Amino acid sequence: MRFALEEIKYVCHHLHEAHGVSVFYVNTRGQFAYESPAASIRQSPYYVPLQEQIREHAVNGGQKKIPVFFSINRLHFFRIGLQHDDAVLGQIVVGPCLDAGLDETQIDYITELMHEFSNVRVLIEFYQSLPVIGPERFRSMSLLVYSLLYQERLDPAQIVETSGEQPPENQPPHAPDLEISRERMNLISHTNLSHERVLLD
């Protein structure tokens, strides 16, 4: 695919329609050339800071054709870089979603994260409005999007996951040492974009 804007929009639109997940196309100038956010996200006061972090990951996270997964405060995403020949054309970012419904432990985690602020209830409502997509299904979604874009299959072992605040598997979550930016409505914290590991089956 030569990645004409209309073709990119077509893939993003139908991915959003089929799975109910938000999809963004960020060009090389850091501009949102296309957005299909879920209605609950667009109406949330956290939409603008969320856009800022999506832009940061898309612009500064490295340009990889293969899906790169990352998490921000329990919100899960993947991004796929668009390249044609030697030209870099930006990134498609899919998310946010949750990997499981909110239980009391996760609600406590979010409440602890935001304990000094008065809008915790709105934050919890925002999380509860997000689609729940399990890790295997999210991975399969990324492989399908890659195949649609590049017309080739991708070995799942090549998928890259950026380290974030996710706890080890089967371990209870612990509040990480996060510095929360007040200028970003105290929702989103920076993650380390340089540390990546291969996600194996």
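In the block above lies the structure referred to throughout.
Residues numbered from 1 in each chain as written. Predicted model: local features only at pLDDT ≥ 70, side-chain atom pairs only at ≥ 80, totals over all residues. Heavy atoms only, no water.

### As for the pairing of strand β3 (residues 68–72)
Among the five residues of β3, five are classified as buried, and the element is accordingly described as predominantly covered. Neither face of β3 is left uncovered, since the one carrying Val68, Phe70 and Ile72 and the one carrying Phe69 and Ser71 both have all their residues buried. Across five bridges, the pairing between β3 and strand β4 (residues 75–84) is antiparallel. Each residue of the ladder has a partner; that of phenylalanine 69, found in β4, is phenylalanine 78. As consecutive antiparallel partners, β3 and β4 are separated by two residues, and within that stretch asparagine 73 has a phi angle of approximately 50 degrees, a positive value. (Buried < 20%, exposed > 50% of the residue type's maximum accessible area, 1.4 Å probe, protein only. Helix = DSSP H or I, 4+ residues; strand = E, 2+ residues; numbered from the N terminus. Pairing = 2+ DSSP bridges.)

### A look at the packing of aromatic side chains
Here the structure, examined in full by the defined rule, presents eight aromatic pairs. When the centroid spacing of 5.9 Å and the interplanar angle of 55 degrees are considered together, the rings of tyrosine 46 and phenylalanine 126 count as tilted. Note that tyrosine 46 is positioned in the loop between α2 (39–42) and α3 (47–60) and phenylalanine 126 in helix α5 (residues 120–128), a separation of 80 residues in sequence. According to the relative accessible area criterion, tyrosine 46 is buried, its value standing at 0%. Taking relative accessible area as the criterion, phenylalanine 126 reaches 3% and is therefore assigned buried. Consider the rings of phenylalanine 126 and tyrosine 127, whose centres lie 5.9 Å apart with planes at 85 degrees: the pair is edge-to-face. (Phe/Tyr/Trp six-rings, centres within 6.5 Å; stacked < 30°, edge-to-face > 60°.)

Honestly, it's all geometry; don't read function into it.
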